[in-house]
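One-letter residues, chain by chain:
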Amino acid sequence: MRNLRKPILAVMGGVALLGLSACGERSSAPQQEAPAAEPQAPVLTPNEQLDAMAARHAAAVLKNSPELATFLGVGEDVAGEGYRAKLGGYGFAAFEDVRALNEEFLQDIRSIDRDALSGQARVTYDVLRDAYQTAARRNQFSFGGAAPYASASPYLVTQLSGPHLLLPRLMLTQHRLETRQDAEDYLSRLAEFSRVFDETIETVTGDGAQLVTPPIFAIDGAINTISGFTAPAPADNPLVKTFAAKIEGIEGLSDEDRAAFAARAAETVETNVYPAYARLAAALDNLKFQASADAGIWRLGDEGAAFYALALSSYGAGGLTADEVHELGLSEVERISGEMDAILKAQGLTQGSVAERFASIGKRDGMRYPNTDEAKEEMLVDLNSQVDEIMARAGDWFDTLPSQQVEVRRIPVYEQDSSPGGYYSAAPLDGSRPGIFWINLKNTADWPKHMLKTLTYHEAVPGHHFQRSLERSAGLPLIRTMLGYSEFSEGWALYAEQVAAEMGMYADDPLGDLARLQSELFRATRLVVDTGLHHKQWSREQAIEYMQGVTGDTRDQVTREVERYSVWPGQACAYKLGMLKINELRKEAEAALGPDFDIREFHDEVLLTGAMPLPVLDRKITAWIKEKQGA
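Residues numbered from 1 in each chain as written. Predicted model: local features only at pLDDT ≥ 70, side-chain atom pairs only at ≥ 80, totals over all residues. Heavy atoms only, no water.

Peer 1: Let's hear about helix H20 (residues 540-551): which residues, and what values?
Peer 2: Under the 1.5 Å per step criterion, the end-to-end length of H20 is 16 Å for twelve residues, consistent within 8% with the ideal 16 Å. Inspection of H20 places Arg540, Ala543, Ile544, Met547, Val550 and Thr551 among the buried residues, and these make up the whole buried set. Each buried residue of H20 sits inside an arc of 145° when the element is viewed along its axis, so together they form one side. Against the buried residues of H20 lie helix H8 (216-229), helix H12 (322-346), helix H13 (354-362), helix H19 (510-534) and helix H21 (555-567). Of the residues flanking the end of H20, it is Gly552, one or two places downstream, whose phi is positive at about 80°. (Helix = DSSP H or I, 4+ residues; strand = E, 2+ residues; numbered from the N terminus. Expected span 1.5 Å × (residues − 1). Buried < 20%, exposed > 50% of the residue type's maximum accessible area, 1.4 Å probe, protein only. Arc of directions from axis to C-beta. Contact = heavy atoms within 4.5 Å.)

As structure tokens, this is what we get:
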């Protein structure tokens, strides 16, 4: 592995020192002209040293992961020449390189004196040190790949994650198609599928040799996704049809050029992509004989327990044990259910459980869009209108607003069976597309109308779109925008639902406010279910029954959620743990600052320095409060 650190050269102000004799007397020796000084690098301040290190680290990661570089929209000067034609590694050698990279990052961060840093640089130092240390602990586990920073799932391929899902998403929504070279790069990446999938098979079969396999329903989900994606004729696959449609806009291509590009894409899908998917499906099928229906990582014994402890900590639990998180979840479920009960009674709904009464509202006539393509398009129009409505009030609650736009789009049909209800994709750094709130429209019955505003506020504004867009416009080191902290970003998005209520978005909409509380209840049940699955050895069916009984959501929706938690231990807890911490810090600031507290300024303090682990956020807001008090 190449050395990522560059020496810092000392310099004497750029001045050449001439030889002088003692006491200042002129020497009688012949004077010779001093040689010209060699150009030397400037002395860097500690903050500049940290910035330089962070830039080197970002470039190293992006050269290892061309996919991430494309998602971010960075240039070749950062990610390396020709990266848009390449894909990263997914096998043993690639993950060993990642482990080595993490070790180099750790050595680099340890070489910097935190006390010599100032301002935002201290926050960046704390964030990077936490990320690298967490990755080092994660990389001690020999399964599921490795990470250069932060943590990762224990499984490389599941119904929710893996190159079988990542790569089509990359190609269809992220890969730029503006020039002839972009089209050639697209075809080069299609040809890489064979290598990538063979390396993926190497990893999942190697994990299987250690008896580490996802639950059998996760394997089945991945195989089903593969089957659905490869069902069309190659020329009708989205990788070909979308490509053919996009290159219509490339100037300078003749009709013959476009037809030739489309034919090459179809041939590559037929001879390379589809066979690669088939090999992966066969490898997954071969692992089913040793897979278990048990949903929790506890089934991996001591290693499973250790992995879950790390996962909980990295997703915001801090020093809380799994038992303590479970009890916190039960307490929050009780509190929120009580608030919902009061609204339901005010609406004349007094019979049955909170979940039953809440579910009955969604069953009323007119509360759901028809499950037709036309109605789904109407829903997308309505959701985009909700974005416009809340943005009209945002200036009263936020000093800084995103410059990027956000759109609501439908999750592609081939992904919807295994995708969550909704998620957000940030706008790339090059501004080539807006932020996107993706919603799963497989079945509109999953989305009663009174629930949609809260989803919009969480995924778009003032939730994920505000957080990610402001982060990317804050001038942070590139590597900071690459780090993901669910406890921060998801905690913010859940907190944003509460802020929307404070902004008056539900003032004349008690059923919408009821749905907001149900959304918070949903996240509180995650504390219970995640710890139940991975620590208390709940079955998948037990978790589904509990969650549906508390939330009143459809069984299909709850099943997708529980299966998600099963393959992503700890992450489901991040939402509520993050929201609780942000509210805790806000209350501390309100109490300490009194009339000097400004909610807009507080929100800027939380958002404008990027995502971070909760202990770092705690230190940052505490320092801000003290600074305000001393002002």
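So much for the structure itself; the text now carries on.
Peer 1: Could you give an account of the packing of H19 against H20, naming the residues involved and the relevant values?
Peer 2: Following both chains from N to C, one finds H19 and H20 inclined at 160°, their axes separated by 10 Å at the closest point. Accordingly, the angle class assigned to the pair H19 and H20 is roughly antiparallel. The two elements H19 and H20 cross, and the hand of that crossing is right-handed. Contacts from Gln518, Leu521, Phe522, Thr525, Arg526, Val528, Val529 and Leu533 of H19 reach H20 at Arg540, Ala543, Tyr546, Met547, Val550 and Thr551. (Axes fitted to C-alpha atoms, helices over the stretch in contact; angles between N-to-C directions. Parallel < 35°, antiparallel > 145°, perpendicular 65-115°, else oblique. Left-handed = near helix turned anticlockwise from the far one by under 90°.)

Peer 1: How would you summarise the nonpolar core if you had to cite specific residues and measurements?
Peer 2: Of all hydrophobic cores here, the largest spans 86 residues; its most connected members are Tyr132, Ile439, Trp492 and Phe602. Per-element tally for this core: the top contributor is helix H5 (residues 120-138), with eight residues. Among all residues touching Ile439, those that are not within four sequence positions of it are Met379, Leu380, Leu383, Val408, Arg409, Arg410, Ile411, Gly421, Gly422, Trp447, Leu452 and Leu455. In terms of nonpolar packing, the next biggest core, distinct from the first, is built from 50 residues, Leu349, Leu514, Leu533 and Ala572 among them. (Core = buried A, V, L, I, M, F, W, Y, C linked by side-chain atoms within 4.5 Å.)

Peer 1: Mind laying out the packing of aromatic side chains, listing which residues take part and the relevant values?
Peer 2: Counted by the stated rule, this structure contains 17 aromatic pairs. Judged by centre distance (5.8 Å) and plane angle (50°), the rings of Phe141 and Phe143 are tilted. Both rings, one in Trp492 and one in Tyr495, keep their centres 5.2 Å apart while their planes meet at 50°; by these two values the pair is tilted. Of this pair, Trp492 and Tyr495 both sit in helix H18 (residues 486-502), three residues apart, which is roughly one turn of that helix. Here Tyr495 falls in the buried class, since its relative accessible area comes to 0%. The rings of Phe193, Phe197, Phe229 and Tyr277 are connected pair by pair, giving a single aromatic cluster. Above the face of the Tyr575 ring, Arg526 is positioned so that its terminal group lies 4.2 Å from the ring centre. Residue placement shows Arg540 over the ring face of Phe217; its charged tip is 5.2 Å from the ring centre. (Phe/Tyr/Trp six-rings, centres within 6.5 Å; stacked < 30°, edge-to-face > 60°. Lys NZ or Arg CZ within 6 Å of the ring centre and 35° of its normal.)

Peer 1: Any chance you could break down H21 for me, citing the residues and the numbers?
Peer 2: For an α-helix the count is 3.6 residues per turn, leaving residues at separations of three or four pointing the same way. For H21, which comprises 13 residues, the first-to-last C-alpha distance of 19 Å matches the rise-based estimate of 18 Å (1.5 Å per residue) to within 8%. Burial within H21 is extensive, with eleven of its 13 residues counted as buried. Those residues of H21 that sit buried are Gln557, Val558, Thr559, Arg560, Glu561, Val562, Glu563, Arg564, Tyr565, Ser566 and Val567. Check the buried side of H21 and you find it contacts H8, H19, H20 and helix H22 (574-593).

Peer 1: Please provide a residue-by-residue account of the sheet that holds strand S3 (residues 435-439), values included.
Peer 2: One open sheet accounts for three strands, arranged S1-S3-S2; its pairing is mixed. Where the open sheet ends on each side, the last strands, each with one partner, are strand S1 (406-410) and strand S2 (422-425). With direction set aside, neighbouring strand axes in the sheet form an average angle of 20°. The pairing of S2 with S3 spans four bridges and is antiparallel. Bridge pairing in S3 places Ser425 opposite Ile436. The strands touched by helix H14 (residues 373-391) are S1 and S3; relative to S1, the strand with the most contacts, the crossing angle is about 160°. (Pairing = 2+ DSSP bridges.)

Peer 1: If you had to explain the packing of helix H6 (residues 163-174) against helix H9 (residues 238-246) to someone new, which residues and values would you point to?
Peer 2: Where H6 contacts H9, the axes come no closer than 10 Å and their chain directions differ by 15°. Our classification of the angle between H6 and H9 gives roughly parallel. In the crossing of H6 with H9, the sense of the turn from one axis to the other is left-handed. When H6 is examined against H9, the residues Pro168, Met171, Leu172 and Thr173 are found in contact with a partner set consisting of Pro238, Leu239, Thr242 and Lys246. Tallied by class, residues from the contact of H6 with H9 come to five nonpolar, two polar and one charged. (Nonpolar A, V, L, I, M, F, W, Y, C, P; charged D, E, K, R; others polar.)

Peer 1: Go over the environment of Met612 with me, naming the residues and quoting the values.
Peer 2: Mapping Met612 onto the fold places it in the loop between helix H23 (599-607) and helix H24 (614-630). Spatially, the C-alpha atom of Met612 lies 5.8 Å from that of Val127, the residues being 485 residues apart in sequence. Each residue touching Met612, except ones within four places of it in the same chain, is listed here: Val123, Val127, Arg480, Tyr485, Phe488, Leu617 and Lys620.

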